[in-house]
Amino acid sequence: MPLGSAGVRSKSRIFWLGLVMCPVIWVYFVFSTLFSFKIKWLAMVILGVVLQGANLYGYVRCKVGGRTSLKNMVTNYFGRVTF
C-alpha cells in the first residue's frame, strides 16, 4: 500500500526533527558534563557535538544543493517564520 504525500511529509518531518534534536541533546550533555565536573567525559561529548553537527550540516547542504547558500536559506526561513 503506497503512502500518500501526507505520509511522506510526516516521515520527512520526523527525520528532520530527529536530525536537529541530536545535536541539541549533545549540547545538553556538554553542559551537564561541565556542571557535574566530570571533565574526563568532556572530550567524548564535544566529539559527539562535532560529529552530529557535521551530520546535520551535510544533510542540510544536500537538501539545499548548489542552488543557494546555506546562509541565505537560513535567513529566508527565519524571515518567513518570524514575520
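Residues numbered from 1 in each chain as written. Predicted model: local features only at pLDDT ≥ 70, side-chain atom pairs only at ≥ 80, totals over all residues. Heavy atoms only, no water.

- As annotated in an unreviewed UniProt entry, the chain carries the name Golgi apparatus membrane protein TVP23 homolog and is attributed to Oncorhynchus kisutch.
- Listed in UniProt under the heading Subcellular location (unreviewed entry), the comment for the chain reads: "Membrane".
- Of the comments in the UniProt record for the chain, the one headed Sequence similarities (unreviewed entry) reads "Belongs to the TVP23 family." (UniProt positions renumbered as here; feature names shortened; annotations may be inferred.)

Digging into the environment of Leu 19
Reasoning step 1: Tracing the chain through its elements places Leu 19 in helix α1 (residues 5-35).
Reasoning step 2: On a C-alpha basis, the gap between Leu 19 and Tyr 59 in space is 8.7 Å, while along the polypeptide they are 40 residues apart.
Reasoning step 3: The residues touching Leu 19, leaving out its near neighbours within four places in the chain, are Asn 55, Leu 56 and Tyr 59. (Helix = DSSP H or I, 4+ residues; strand = E, 2+ residues; numbered from the N terminus. Contact = heavy atoms within 4.5 Å.)

What to know about a nonpolar patch on the surface
Reasoning step 1: Together, Leu 17, Val 20, Met 21, Val 24, Ile 25, Tyr 28 and Phe 29 line one region of the surface with nonpolar side chains, adding up to about 650 Å² of accessible area.
Reasoning step 2: Residue position: Phe 29 is located in helix α1. (Patch = residues over 30% accessible without salt bridge, like charges linked within 9 Å, V, L, I, M, F, W, Y side chains within 5 Å. Areas by Shrake-Rupley, 256 points an atom, 1.4 Å probe, with all protein chains shown as cover. Salt bridge = Lys/Arg side-chain N within 4 Å of Asp/Glu carboxyl O.)

Describing the packing of aromatic side chains
Reasoning step 1: Within this structure, the stated rule accounts for 6 aromatic pairs.
Reasoning step 2: When the ring of Phe 15 is compared with that of Tyr 59, the centres are 5.2 Å apart and the planes differ by 75°; the resulting orientation is edge-to-face. With Phe 15 in helix α1 and Tyr 59 in helix α2 (residues 42-64), the pair connects residues that are 44 residues apart, well separated along the chain.
Reasoning step 3: The class for Phe 15 is partly exposed, based on a relative accessible area of 37%.
Reasoning step 4: Take Tyr 59: its relative accessible area is 37%, and that puts it in the partly exposed class.
Reasoning step 5: Centroid distance Trp 26 to Phe 29: 5.5 Å. Interplanar angle 85°. Geometry classified as edge-to-face. (Phe/Tyr/Trp six-rings, centres within 6.5 Å; stacked < 30°, edge-to-face > 60°. Buried < 20%, exposed > 50% of the residue type's maximum accessible area, 1.4 Å probe, protein only.)

A look at the environment of Thr 33
Reasoning step 1: Of note, Thr 33 is situated in helix α1.
Reasoning step 2: Owing to a relative accessible area of 8%, Thr 33 belongs among the buried residues under this scheme.
Reasoning step 3: Those residues in contact with Thr 33 that sit more than four places away from it in its chain are Lys 38, Trp 41, Leu 42 and Val 45.

Focus on the UniProt feature "transmembrane region" (unreviewed entry) in the chain
Reasoning step 1: Under the UniProt annotation, the feature "transmembrane region" (unreviewed entry) is placed at residues 14-35 and 41-60.
Reasoning step 2: Span residues 14-35 is 100% helix and 0% strand, its end C-alpha atoms 31 Å apart.
Reasoning step 3: Each end of residues 41-60 is marked by a C-alpha atom, and these two atoms are 29 Å apart; helix forms 95% of the span and strand 0%.

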